[in-house]
Amino acid sequence: MTAAGTTITLRGRGLVGGVTEGEALVTRDSISGWGGIEPTGGRIIESRHELAGQSFRDRVLVFPAAKGSSGWSGMFHMSRLAGSAPKAMIFNYMNTKIALGVVVTRVPAVTDLDQDPLDVIETGDWVRVDADNGLVVVTRGGAVVTRTGGQS
Amino acid sequence: MRLTDDERRMRDGEQGEAVAAAMDLLIRYGEVLGAERLVDTDNVCGANIFGPRQMQLCGHAGPDAVFSEFSLDSPEPVEIPPMRAQSYQLIGPMDTQHWQVQGLSQEAHDAIEESESYSARHGIHLMNTCTPYQVGNVPVKGEHCAWMESSAVVYVNSVLGARTNVEGRESAAAAMLTGKIPYWGYHLAENRFGSHLVEVAEPVRDSLDWGLLGYYVGEQVQEGVPVLDGIAEVPNLVKLKHFGAAAASSGGVEMYHIPGTTVEARSVEEAFGPRRPLQTLRYGERERRLTYEQLNSTAQDTDVDLVMIGCPHATLSQIRDVCRLVEGRKVHPDSALWVFTPRAIRQVAEQNGYARILRDAGALLMSDTCPAIGQFLPKGTRVIATDSAKQVHYLPAIMKVQGWFGSTEECVQSALTGRWQGELR
């Protein structure tokens, strides 16, 4: 555990470009799109999911993989149109659901990081995602240092 | 990604804006995947039937605008030409016969009906089922396809040897317009070998057993390619339909092998090819019981308001099994029994008298949709029961109800008595 305010930089592959920052929402459970999220509020609804009931709206969603129904992209596409998409997506495992999902959600997305983001990032950390350069900068314990703008 | 000349011309608009938008989407998607190229496909299953919600989000700008946004991820409305590839509509939001039972308004009905006829005019076959492989779209071994619907993908990859990834609405629609899909994942032979060995130490007989095994395997291997060893009885379409649907719900299984049964592996050795198992799992009595308990974890109340059969869509054999259980009896007045099947099979069920037997018992034979996709239940429903691990995985989450999972017989009995009395045997 590192002290609050410390920053850690992860390097990986940017998938959908753009730069953003926000509060992390981290889960070790894979995420279902269709039947796993409710797109209007951006909430996770899968019964046995560790984030059940929580919303990813405007947060940097950090998760291992996309799973379940082929409606994954359709649901995240809908969350974008409803204004409830996550601010950015960071994940480990590539498949067609997540690939198409990040394309149609149109938010910065990064994968193939040089350290496991699930080990490094905790819910509540402040995360800057620079998908143009494949960079993720994590500030422990929230936005004490870097919260100087750009997150609007 | 490397593009051929015809793909470049499509991208540059030679075949119109819609094909260009479709190619643009396939390129963006293929690059995220890390695909080196696209592959030709003439077998695409997608989902392009829309209702009032999508129309409203597009500001009622008309069906081309809705297709552009939701099917092609093109915020600019483009004029949609007829589909280039053979294209099939999967399960949709509405039963055209029983839409009032679904609680749909006339306005919603008209919007969905208009969307269906728009799809038909563009050359999309209105099969309206999650099981295209039981009503005429049966790909052959090695055929490159672009299918949505995780339960159908895992079936045609594994049982038939077709080659498809789980596509989404936008990639499938782009494939319909271009006849192309990224050459990635399960399109490549080297990705189709086994990753996990599952030693099945417990007899797997009926479709309940297969659903339990599938749900367990999916949870364990997630995105892996499980190889089942120790299956003593040859399964059938219904059992494998339940198995794959369950494995694609608790996890993301898109391909599996049952050596001696599924088409790409005569032996465990052949199933793994050059790979070695990452892990060996043992499915025994304990795993079976724990899986059963997980599937029943949302239910406490034994008064059953709805029994749902037909996820994935029921075969004629399943419809006949239900008929045998209800013939001459009545569904309990406080309960309902709904059976879901493809439109084409309902037609045969009418011809065979099965539909009449169900009607006489107070049950309903529905087609084209299901409660999870269409998001509908009988008014006041608190507790459902189903013989589908997939449906009991999704429906309680989507519709905020309790869900029991059991055998087809237990489910139908609970509709007749109004009470759940299932147990693991």
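Treat the numbers as computed from the prediction; the structure is a model and nothing was measured.

Scoring rules and cut-offs
Think of each chain on its own: its residues are numbered from 1, step by step along the sequence as written. Throughout, the order in which chains and ligands are written sets their labels, letters from A for the former and numbers from 1 for the latter. Restriction of local features to residues with pLDDT of at least 70 applies here, the model being predicted, together with a cutoff of 80 or more for giving and counting side-chain atom pairs; totals for whole chains, interfaces and linings are based on all residues. Only hydrogens and water are removed before side-chain values are computed, so all heavy atoms of the structure are retained for them. Starting at the N terminus, helices and strands are each numbered in turn, a helix being any DSSP run of H or I of at least four residues and a strand any DSSP run of E of at least two. All radius of gyration figures rest on C-alpha atoms, and the globule criterion is 2.2 Å times the number of residues raised to 0.38. Residue exposure ignores everything except the shown protein chains as possible cover, and the areas themselves are Shrake-Rupley values with a 1.4 Å probe. Only four residue types enter the tally: Lys and Arg on the positive side, Asp and Glu on the negative side; His and the chain ends are excluded. For this purpose, a charge sits on NZ of Lys, CZ of Arg, CG of Asp or CD of Glu. UniProt positions are given in the numbering used here, feature names are shortened, and annotations may be inferred rather than shown by experiment. Strands qualify as paired when DSSP identifies two bridges or more between them. The contact rule is simple, with two residues in contact once any of their heavy atoms fall within 4.5 Å. Lines are fitted to the C-alpha atoms to define the axes, a helix being fitted only along its stretch in contact, and any angle between axes, read from their N-to-C directions, falls within 0 to 180 degrees. Note that domain bounds follow an automatic or database assignment of domains. The quantity reported as buried area is the accessible area (1.4 Å probe) lost by two parts once they are put together, taken as the sum for both. Take a side-chain nitrogen of Lys or Arg and a carboxyl oxygen of Asp or Glu: if they are within 4 Å of each other, that pair is a salt bridge. Distance and chemistry together define a polar contact, namely a pair of N or O atoms within 3.5 Å, with one atom able to donate a hydrogen and the other to accept it when in protein, and with adjacent residues in sequence counting only for side-chain atoms on both sides.

Participant: Is there a simple way to explain the overall build of chain B in this structure?
Facilitator: A tally of helices and strands in chain B yields 17 helices and 14 strands. Relative to a compact globule of 425 residues, whose C-alpha radius of gyration would be 22 Å, chain B shows 22 Å and is just as compact. In terms of overall dimensions, chain B has a C-alpha envelope of 65 × 55 × 35 Å along the principal axes. As displayed, chain B offers around 15900 Å² of accessible surface, 46% of which is attributable to carbon and sulfur atoms. One way to put it: in chain B the 38 positive side-chain charges average out to a point 4 Å from where the 55 negative ones average out.

Participant: Could you clarify how one ought to interpret the UniProt feature "domain: Phosphomevalonate dehydratase small subunit-like" (unreviewed entry) in chain A in this entry?
Facilitator: Cross-referencing UniProt, the feature "domain: Phosphomevalonate dehydratase small subunit-like" (unreviewed entry) maps to residues 31–110 of chain A in the present numbering. Helix makes up 25% of residues 31–110 of chain A and strand 22%, and the two end C-alpha atoms of the span are 16 Å apart.

Participant: Help me understand the sheet that holds strand E5 (residues 146–147) of chain B in this model?
Facilitator: Residue and element names in this part refer to chain B. Read across the open sheet, the 4 strands follow the order E4-E3-E2-E5; overall the sheet is parallel. The sheet terminates laterally at strand E4 (124–125) and E5, the two strands that pair on one side only. Across 2 bridges, strand E3 (residues 87–89) lies against E4 in parallel orientation. Bridge assignment links Ser 87 to a residue of E4, and that residue is Ile 124. Its contacts with the sheet place helix H7 (residues 169–178) against strand E2 (44–46), E3, E4 and E5, and it is angled at close to 140° to E2.

Participant: Quick question: what am I supposed to make of the domain arrangement of chain B here?
Facilitator: Where interface size is quoted, it is often the accessible area lost as the parts come together. Residues and elements named next belong to chain B. The domains assigned to chain B are domain 1 (5–189), domain 2 (193–294) and domain 3 (296–417). Between the C-alpha centres of domain 2 and domain 3 there is a distance of 26 Å. With 17 residues of domain 2 at the interface, the matching set in domain 3 holds 19 residues. Of the roughly 1300 Å² buried where domain 2 meets domain 3, counting both sides, 57% is carbon and sulfur surface. Taken as a group, Lys 241, His 242 and Ser 249 account for 35% of the area that domain 2 buries against domain 3, more than any other trio of residues on that side. Inspection of the region where domain 2 meets domain 3 yields 0 salt bridges. Our count for the domain 2 to domain 3 interface comes out at 10 residue pairs in polar contact (both at pLDDT 80 or more). Of all the secondary structure elements, the ones that give two or more residues to the side of domain 2 that touches domain 3 are helix H8 (207–221), helix H9 (237–250) and helix H11 (285–295). A total of 9 residues in the side of domain 2 that touches domain 3 trace back to one element, the largest contributor, which is H9.

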